[in-house]
Amino acid sequence: NDVLASIDATDGKVGAYLTIDREDALAQAKAADEARAAGSQLPMLGIPVAIKDLLNVKGQPCTCSSKILEGYIAPYDATVIAKLREAGAVLLGRVNMDEFAMGSSTENAALGKTSNPWNLDHVPGGSSGGSAACVAADEAIASLGSDTGGSIRQPAAFCGCVGVKPTYGRVSRYGLTAFASSLDQIGPLTKTVKDSAILLEVLCGHDKMDSSSIEMDVPAFAKNLSNGTSLAGMKLGLPKEYFVVGMDPEVEQSVRDAVEHCKSLGAEIIDVSLPNAKYAIAVYYIIATAEASANLARFDGIRYGMRIDGKDPIELYGKTRAAGFGSEVKRRIILGTYVLSSGYYDAYYLRAQKVRTLIRDDFTEAFKQCDAILSPVTPTPAYKLGEKSDDPLKMYLDDILTTPINLAGNCALSLPCGFASNGMPIGLQIIGDAFQEETILKVGHAFE
Ligand code: GLN
């Protein structure tokens, strides 16, 4: 009830939600109260969670903030949704995002506009902008986002929340609308690292419905945080390439202060190098668009959502896609089709895959020397709505610090580490080796 009241009071301004399942949420909350009275100890009993609108929740819309999916009703629960239900969570509704998760400001959304709760003139980040804004505005206790190139960590940084991009294979993507299948991961957004640990523990685990999900035990992420906040004996790496030219000096200062804090808690700080990081944007925007062009072929006007009739299937297909997709999605489909076309495949796609291996090898080398890596999440804090929306390339460049982690497949956490002089939050990124979520949660917890 408190969260619904907060949504009523705030969401008119913030615009995080696309749909709120009020009756359903109240019924789930009542059931949770009864279960608690009966002694249930489920890890998320009664906790209200908001869902990025690209995850299938049975019987509810799943729009991906695109006109092309208007009218589609999810026929099944994504695995993460089933896991939330089993853990006792209350599903509140679905939140806004960039169309098909393509963007960094939630301004590419076709079905709603979301503002940053810290200053309504600013973007919440993206593509999980609604997921971060609703947590920051107390319109949910936690939310689910997805991260293909930074879409959990960057909005978490812009809205002053905690966000985790788990290792590739940790969390099942069954029921997630695919953007770029070799990069996508689902993860939590919360106010604290402890809360992210609880939610992550619920989400992780092998699922036979997702062939990329790994058969591996899930550590007791939350319990393991109870060992205190000392970082004695830990080595934390600082990559010189991540303090890029053009970085906002206030961001750099906040992150350097956070590094000092880790030192004061006993961590040893060492310099590491990730020399191929500078190619990450080029590689990411080749691989992500290539995979997106294939994944989005399923939206043909026949199988899901919107349909605009034509004299034959080809015309129907063309007309539906022309009207249903927004301009950023079209741009990426065209780019992806181009890099995969014969004659360009070797020059772009294949070469990008080779450089991707070099980027991964950089991390492998760095993690021989340290337990985790510290860096900023973004070169700047949240900017004003409209400031970058007509210059997609400028927006792409801001993904320089988050995309390498998706390309390498390891894990990273974003957590608030300060404020810019205009009052906007600044994020610290804690990068871990593959399946080292416990390590990054431990470092993050040292700030609580
Ligand atoms: N900003 C990046 C993009 O536009 C990342 C998106 C994401 O992680 N879904 O592709």
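For the structure itself, consult the block above.
Predicted, not measured: the structure shown is a model, and the values here were computed from it. (Residues numbered from 1 in each chain as written. Predicted model: local features only at pLDDT ≥ 70, side-chain atom pairs only at ≥ 80, totals over all residues. Heavy atoms only, no water.)

Chemist: Could you clarify how one ought to interpret the overall build of the protein in this entry?
Modeler: Scanning the protein from terminus to terminus reveals 14 helices and 11 strands. Relative to the 2.2 N^0.38 estimate, which gives 22 Å for 448 residues, the radius of gyration of the protein is 21 Å and therefore close to what a compact globule would have. When contacts within the protein are restricted to residue pairs at least 6 apart in sequence, long-range pairs at least 24 apart make up 75% of them. Taken as a whole, the protein presents about 17200 Å² of accessible surface, with 53% of it coming from carbon and sulfur. Averaging the coordinates of the 42 positive side-chain charges in the protein and doing the same for the 54 negative ones gives two points 4 Å apart. (Helix = DSSP H or I, 4+ residues; strand = E, 2+ residues; numbered from the N terminus. Rg over C-alpha atoms; globule rule 2.2 N^0.38 Å. Contact = heavy atoms within 4.5 Å. Areas by Shrake-Rupley, 256 points an atom, 1.4 Å probe, with all protein chains shown as cover. Lys, Arg positive; Asp, Glu negative; His and termini not counted. Charge placed at Lys NZ, Arg CZ, Asp CG, Glu CD.)

Chemist: Help me understand the packing of aromatic side chains, please; the structure alone is not making it clear to me.
Modeler: Two numbers describe a pair of aromatic rings. These are the distance of the centres and the angle of the planes. One pass over the full model with this rule turns up 14 aromatic pairs. Ring geometry for Tyr 72 versus Tyr 304: centroids 5.6 Å apart, planes at 75°, classification edge-to-face. With a gap of 232 residues between them, Tyr 72 in the loop between β2 (48-52) and α3 (79-86) and Tyr 304 in the loop between α8 (280-295) and α9 (313-324) connect regions that are remote in the sequence. Given the relative accessible area of 14%, Tyr 72 is considered buried. You can call Tyr 304 partly exposed: its relative accessible area is 27%. (Phe/Tyr/Trp six-rings, centres within 6.5 Å; stacked < 30°, edge-to-face > 60°. Buried < 20%, exposed > 50% of the residue type's maximum accessible area, 1.4 Å probe, protein only.)

Chemist: Hey, could you run me through the packing of α8 against helix α10 (residues 327-340) in this one?
Modeler: Two packed helices can be described by the angle between their axes and the distance between those axes. One way to put it is that α8 packs onto α10 with a least axis distance of 7 Å and a crossing angle of 100°. Between α8 and α10, the angle falls in the class roughly perpendicular. Contacts between α8 and α10 pair Tyr 285, Ile 286, Thr 289, Ala 290 and Ser 293 from the former with Arg 332, Ile 333, Leu 335, Gly 336, Thr 337, Val 339 and Leu 340 from the latter. In terms of residue class, the contact of α8 with α10 is built from 7 nonpolar, 4 polar and 1 charged. (Axes fitted to C-alpha atoms, helices over the stretch in contact; angles between N-to-C directions. Parallel < 35°, antiparallel > 145°, perpendicular 65-115°, else oblique. Nonpolar A, V, L, I, M, F, W, Y, C, P; charged D, E, K, R; others polar.)

Chemist: Can you help me understand the sheet that holds strand β9 (residues 372-376) in this one?
Modeler: What holds strands together in a sheet is hydrogen bonding between their backbones, with the strands either parallel or antiparallel. Reading across the sheet, the 11 strands line up as β1-β3-β2-β4-β6-β5-β10-β11-β9-β7-β8 and stay open at both edges, with mixed pairing between neighbours. Of all strands in the sheet, those with a lone pairing partner are β1 (17-20) and β8 (268-272), marking the two edges. Taken pair by pair, the neighbouring strands of this sheet meet at an average axis angle of 30°, ignoring direction. Sitting on the sheet, helix α2 (residues 22-37) touches β1 and β3 (90-95), and the angle it makes with β3 is about 155°. (Pairing = 2+ DSSP bridges.)

Chemist: Sorry if this is basic, but what is going on with helix α11 (residues 345-369) here?
Modeler: Residues three or four positions apart in an α-helix share a direction because the helix packs 3.6 residues into each turn. Here α11 is 25 residues long and its end C-alpha atoms lie 36 Å apart, about the 36 Å a rise of 1.5 Å per residue gives. Each element contacted by the buried residues of α11 is listed here: β8, α8, α10, β9, α13 (403-408) and β11 (425-432). (Expected span 1.5 Å × (residues − 1).)

Chemist: Please explain the pattern of salt bridges as it appears in this structure.
Modeler: Following the criterion strictly, the structure yields 20 salt bridges and no others. A salt bridge links Arg 94 to Asp 21; the shortest N-O distance between them is 3.0 Å. Here the residue Arg 94 occupies a position in strand β3, and Asp 21 occupies one in the loop between β1 and α2, the gap between them amounting to 73 residues. Taking the relative accessible area as the measure of exposure, Asp 21 reaches 10% and is therefore buried. The salt bridge involving Glu 328 is made with Arg 331; its shortest N-O contact spans 2.2 Å. Taken together, the residues Glu 328 and Arg 331, both in helix α10 and 3 residues apart, mark about one turn of the helix. Under the relative-accessibility criterion, Arg 331 is labelled partly exposed at 35%. What emerges from the salt-bridge pattern is a single network uniting Asp 21, Asp 53 and Arg 94. (Salt bridge = Lys/Arg side-chain N within 4 Å of Asp/Glu carboxyl O.)

Chemist: What is the right way to read the layout of surface pockets from this model?
Modeler: To find the voids left in a structure, one rolls a probe of water-molecule size over its atoms. In this structure, the largest pocket encloses a volume near 390 Å³. If you go around the largest pocket, you meet 22 residues; those closest to its centre are Tyr 76, Leu 176, Thr 177, Ala 178 and Arg 298. Considered class by class, the residues forming the lining of the largest pocket number 11 nonpolar, 7 polar and 4 charged. Its volume calculated, the second largest pocket comes out at about 230 Å³. Every residue lining the second largest pocket is counted, 14 residues in all, and those nearest its centre are Asn 1, Ala 29, Gly 46, Pro 48 and Val 90. Taken together, the elements giving at least two residues each to the lining of the second largest pocket come down to α1 (2-14), α2 and β3. (1 Å grid on protein atoms, 1.4 Å probe; cavity = no way out; pocket = protein on both sides within 12 Å on 5 of 7 lines; lining within 4 Å. Points joined across faces, edges and corners; volume = space filled by probe spheres on them.)

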